[in-house]
Amino acid sequence: MDLAYTQEEQEFRARLREWLAKVLPELPPKPSPDDWPGRRAYDLGWQRRLYDAGYAGLHWPVDAGGRGATPTQHLIFLEETERAGAPYVGANFVGLLHAGPTIAAEGTAGQRARWLPPVLRGDEVWCQGFSEPGAGSDLASLRTRAVRDGDAYVVTGSKIWTSHAEIADWCELLVRTDPAAPRHRGISWLAMPMDAPGVTVRPLRTLAGSTEFAEVFLDEVRVPVSHRVGEENDGWRVTMVTLSFERGTAFVGEVVACRRTLGELARAARANGRWDDPVLRRRLGRLHAEFGALWRLTQWNVSEAMGVPPVRAESRTRGSSPGGVPGAGGSVFKLAYSHARQELYDTAAEVLGADSLVLEEEWVRERLSSLSYTIAAGTSQIQRNIVAERILGLPKGR
């Protein structure tokens, strides 16, 4: 992408800054982290403001309800909203960053018309039903069954680490529709209503005390066949589309946030005398370089996922996307970002000392949360395998 801003892009930034300066002071107080109905209302309210102002789905294709903005405009939006301290996607993240883009890329016209507008308007929340107690990193081992019964699937099984299940309207659900097929070929991707009979949600408490994850138990839940995205038993391919978005573009706002956090740490070190430590200064400098490189990689991945025209298979570079979906570069980003984020908050503990041990402080919550990033959205070991096989062309391990 061209990193020089055009006059139109500079005007876009100015309009966005003006809008943010006007609307952010009007927001209600942010609810408690434990108040999930309040957080849902807060996050959906912010999404509605974005929608009314024309910023919702800024980078989504026009035929999916978005504005078809350029990659640079999308990145400007992320930069300016983060720098202004605007709310992030919050409870909307599965719908806006995973399920929505997947439906936009793989769904029928009717599915796109049904599910995408409510996501963009802030009317509905999605959760992700992928992992199971015995199928986390080895996702293809999932055992939740979906048996065809007329115009519906009857789903039985359980999911774990289901993000925002307790406040979700819909679930992007992976099920096994052909148990006799090879494990990667008997999976289907369904959109399941969370209020369907037979769905039971049990919240899980994290190390930080939060409950944004849950176990979901499915007891003969009927899901219409029309809610299947992609063909029956082609769900693994559709899942790879979802995971490409999750790893390639879903963390872009967080990179900006981490760069801001790094600046706050540098100022704190100057204020408390830690800046005199040359080892700490080198560590902060290296993190500054790492997050700068991650931002450039983010620009690459966003560009690849937005409007990159398809290329002929024989001319495509190894690991690249066929257009509209992030390629294996998302795994490079996910691997590097997960470890850089952990080091960032380890460094925060070093800079802040005892002040970083107060559980109510955001620093502590973020440090504890950072421990999960080498597991969430595919473990670092899985990402290394993807990089080795799909980018470097190394043979698969036996």
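Keep in mind that what you see is a predicted model, and the values were worked out from it rather than measured.

Caption draft 1: Structural context of the nonpolar core. Ranked by size, the top nonpolar core spans 39 residues in total, and within it Trp-19, Trp-46, Tyr-55, Phe-291 and Leu-344 carry the most contacts. Listed by contribution, the elements that provide at least two residues to this core are helix H1 (7-23), helix H2 (36-53), helix H3 (71-83), helix H7 (252-272), helix H8 (278-305) and helix H9 (329-352). Examining the composition of this core, we find that eight residues originate from one element, H9, more than from any other. Leaving out residues up to four positions away in the same chain, Phe-291 has contacts with Val-255, Cys-258, Arg-259, Tyr-337, Ala-340, Arg-341 and Leu-344. Judged by nonpolar contacts, the second largest core, of 27 residues, contains Leu-96, Trp-126, Met-240 and Leu-243.

Caption draft 2: Spatial organisation of the side chain of Asp-43. Looking at the secondary structure, you find Asp-43 in helix H2. Lacking a salt bridge, the buried Asp-43 has Arg-39 as its closest oppositely charged neighbour, with an N-O distance of 5.1 Å. Apart from the residues within four sequence positions on either side, Asp-43 is in contact with Val-89, Gly-90, Ala-91 and Asn-92.

Caption draft 3: Summary view of the pairing of strand S3 (residues 152-159). Where strand S2 (residues 145-149) lies against S3, five bridges are found, and the strand directions are antiparallel. Along S3, the bridge assignment pairs Asp-149 with Ala-152. Count of turn residues in the S2/S3 antiparallel hairpin: two residues, of which Gly-150 carries a positive phi of about 65 degrees. Here seven bridges tie S3 to strand S7 (residues 213-224), and the two strands are oriented antiparallel to one another. Residue pairing in the sheet places Gly-157 in a bridge with Leu-218 of S7.

Caption draft 4: Looking closely at the confidence of the model for the protein. Here the protein shows a mean pLDDT of 82. Residues at 70 or above account for 78%. The low-confidence segment residues 307-325 (pLDDT under 50) makes 31 contacts with residues lying over four places distant or belonging to another chain.

Caption draft 5: Representation of the packing of aromatic side chains in the model. Scanning the model with the defined rule gives eight aromatic pairs in all. Summarising the aromatic geometry, the rings of Trp-19 and Trp-46 are spaced 5.7 Å apart at their centres and angled 35 degrees between planes, so their arrangement reads as tilted. Placement of the pair is Trp-19 in helix H1 and Trp-46 in helix H2, with a sequence separation of 27 residues. The buried category is assigned to Trp-19, whose relative accessible area is 17%. The buried category is assigned to Trp-46, whose relative accessible area is 4%. Here the aromatic residues Phe-12, Trp-19, Trp-46, Tyr-55 and Phe-77 are joined through ring pairs into a cluster of three or more. Sitting above the plane of the Tyr-153 ring, Arg-148 keeps its charged end 5.8 Å from the centroid. The positively charged end of Arg-270 is found above the aromatic ring belonging to Trp-275, 4.1 Å away from the centroid.

Reading the values: the criteria
- Residues numbered from 1 in each chain as written.
- Predicted model: local features only at pLDDT ≥ 70, side-chain atom pairs only at ≥ 80, totals over all residues.
- Heavy atoms only, no water.
- Core = buried A, V, L, I, M, F, W, Y, C linked by side-chain atoms within 4.5 Å.
- Buried < 20%, exposed > 50% of the residue type's maximum accessible area, 1.4 Å probe, protein only.
- Helix = DSSP H or I, 4+ residues; strand = E, 2+ residues; numbered from the N terminus.
- Contact = heavy atoms within 4.5 Å.
- Lys, Arg positive; Asp, Glu negative; His and termini not counted.
- Salt bridge = Lys/Arg side-chain N within 4 Å of Asp/Glu carboxyl O.
- Pairing = 2+ DSSP bridges.
- pLDDT = per-residue confidence, 0-100.
- Phe/Tyr/Trp six-rings, centres within 6.5 Å; stacked < 30°, edge-to-face > 60°.
- Lys NZ or Arg CZ within 6 Å of the ring centre and 35° of its normal.

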